[in-house]
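Close look at the chain arrangement
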Amino acid sequence: MAMVGRSFSLCCLPSQAAGACPAKPTILRPSFSAVAPLQCHPPTHRPRAPSSFSFSFSFFRCVRGMARSDNGVSRDGQKSFPLSSTCLLKLQRGDITKWSVDGTSDAIVNAANERMLGGGGVDGAIHRAAGPELREACWNVPEVRPGVRCPTGEARITGAYRLPVSRVIHTVGPVYDIDEHPEASLRSVYRNCLRIAKENHIQYIAFPAISCGVFRYPLSEASYVAVSTVKEFADDFKEIHFVLFSDDAYSAWLEKANEVL
Ligand code: AR6
């Protein structure tokens, strides 16, 4: 797949206006937009007895609907929950580096470490896919103390370079066994990511299961914190996604969304 690189500014800090980072000119993936609803036209004739044609048409529509949705999961593998009349929560399995909606108002979240210069897990995958410009952008994020660009629970935003989204939001989740208040720290992670996204006019955002890999946060507890916290931002985004790499993580998030929403 051809990748389109960008040479724009190294880093967009929260205080900078969204316009500081130019919009990506090319969308590399089709959008995950919903299928347009079937239209109903008012009858222009007297009601007729159902013909074999109308039966077969209804049957076709029914089968088509089933192909599109199995237990609420759309053909592209996403399960949707309304958070408000204007915002959807969407769950899907997959690789977050491939995710995008429109390439201009979308962002993915990176489960980084405090140095913000790359690592393993989803952090490594995002840096590999974004290219070396992302590391350079992270390097230019000011340190708040030696070796710390993003303290645990906070968030920073950069460009996305060779990724198909417009921005990357970097955050640092708690190490479950070490953090004194892991739940409070994980809630701060989600709140700060969504705040910085909102400040930068992001409308579509995708999270991985932050802290659930190397940092060993249990999936059931993490999914509860994640789903219940993003709900607070239901009026601020069009879609909030979780892109979950493992079946276990997907099942945990699905169970929690069914409970909480
Ligand atoms: N797309 C979506 N999710 C992924 C992907 C991917 N491409 N790759 C892994 N995951 P982790 P943490 C899932 O360890 O626990 C790094 O070294 C993975 O299955 O990436 O917050 C950083 O530099 C798991 O469910 O993040 C930090 O040092 C989830 O992402 C440290 O790890 C998070 O796992 C952060 O640890």
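Residues numbered from 1 in each chain as written. Predicted model: local features only at pLDDT ≥ 70, side-chain atom pairs only at ≥ 80, totals over all residues.

Let's talk about unusual backbone geometry
At Tyr161, a residue that is not glycine, the phi angle is positive and equals roughly 55°. Residue position: Tyr161 is located in the loop between β6 (155-159) and β7 (167-171). Despite not being glycine, His201 shows a phi value in the positive range, around 65°. With respect to the helices and strands, the residue His201 is situated in the loop between α4 (182-199) and β8 (204-207). (Helix = DSSP H or I, 4+ residues; strand = E, 2+ residues; numbered from the N terminus.)

What to know about the environment of Ala125
Within the secondary structure, Ala125 is located in helix α2 (residues 121-130). Ala125 gets classed as partly exposed once you count the C-beta atoms within 10 Å, which come to 17. Spatially, the C-alpha atom of Ala125 lies 9.4 Å from that of Asn110, the residues being 15 residues apart in sequence. With near-sequence residues (within four places) excluded, Ala125 lies in contact with Asp95 and Thr97. (Buried ≥ 20, exposed ≤ 12 C-beta atoms within 10 Å, placed from the backbone. Contact = placed C-beta atoms within 7 Å.)

Remarks on α4
Taking 1.5 Å as the rise per residue, α4 with 18 residues should run 26 Å; its terminal C-alpha atoms sit 26 Å apart, in good agreement. Those residues of α4 that fall on the buried side of the exposure criterion are Pro182, Ser185, Leu186, Ser188, Val189, Tyr190, Cys193, Leu194, Ile196 and Ala197. Positive phi shows up at His201, right after α4, with a value of about 65°. (Expected span 1.5 Å × (residues − 1).)

Description of the packing of α4 against helix α5 (residues 219-230)
For the pair α4 and α5, interaxial distance at closest approach is 9 Å and the crossing angle is 40°. When the axis of α4 is compared with that of α5, the two are oblique. By crossing handedness, the relation of α4 to α5 is classed as right-handed. Taking contact as the criterion, the partners of Glu183, Leu186, Arg187, Tyr190, Arg191 and Leu194 in α4 are, on α5, Ala222, Val225, Ala226, Thr229 and Val230. (Axes fitted to C-alpha atoms, helices over the stretch in contact; angles between N-to-C directions. Parallel < 35°, antiparallel > 145°, perpendicular 65-115°, else oblique. Left-handed = near helix turned anticlockwise from the far one by under 90°.)

Quick look at the site of the ligand
Every one of the 25 residues lining the ligand counts as a neighbour, but Ala111, Gly119, Gly121, Gly213 and Phe245 are closest to it. The element contributing the most residues to the shell around the ligand is α2, with 4 residues. By residue class, the composition of the shell around the ligand is 14 nonpolar, 9 polar and 2 charged. (Near = placed C-beta within 6 Å. Nonpolar A, V, L, I, M, F, W, Y, C, P; charged D, E, K, R; others polar.)

A few points about helix α6 (residues 247-260)
If you check α6, its first and last C-alpha atoms are 20 Å apart, about what 14 residues at 1.5 Å a residue would give, namely 20 Å. Buried within α6 are the following residues: Ala249, Tyr250, Ala252, Trp253, Leu254, Lys256 and Ala257. Of the surrounding elements, those touching the buried residues of α6 are β3 (79-82), β4 (88-93), α5 and β9 (239-244).

A short note on the packing of α5 against α6
Interhelical geometry of α5 versus α6 gives an angle of 50° and a closest axis separation of 9 Å. Classed by the angle they form, the pair α5 and α6 counts as oblique. Of the two possible hands of crossing, α5 and α6 adopt the one that is right-handed. In this structure, α5 contributes Leu219, Ser220, Ser223, Tyr224, Val227 and Ser228 to the contact, and α6 contributes Asp248, Ala249, Ala252, Trp253, Lys256, Ala257 and Val260. Of the residues belonging to the contact of α5 with α6, the class tally is 8 nonpolar, 3 polar and 2 charged.

Observations regarding the pairing of β9
Buried residues dominate β9, accounting for 6 of its 6 residues. Side chains Glu239, His241 and Val243 project from β9 onto one buried face, and the interleaved Ile240, Phe242 and Leu244 project onto a second face that is buried too. As paired elements, β4 and β9 share 6 bridges and run parallel to each other. Across the sheet, the residue bridging to Leu89 is Ile240, located in β9. Relative to β9, β8 is paired through 4 bridges, and the arrangement is parallel. If you follow Phe207 over to β9, its bridge partner there is Phe242. Of the crossover connections in this fold, the one passing from β8 over α5 to the parallel β9 is right-handed. (Pairing = 2+ DSSP bridges. Right-handed = clockwise from strand over helix to strand, strands pointing away.)

A closer look at the confidence of the model for the protein chain
Do not read the fine detail of predicted coordinates wherever pLDDT is low. Per-residue confidence for the protein chain gives a mean pLDDT of 81; residues scoring 70 or more make up 72%. A low-confidence stretch, residues 1-69 stays under pLDDT 50, and its non-local contacts, those more than four residues away or across chains, total 62 contacts. (pLDDT = per-residue confidence, 0-100.)

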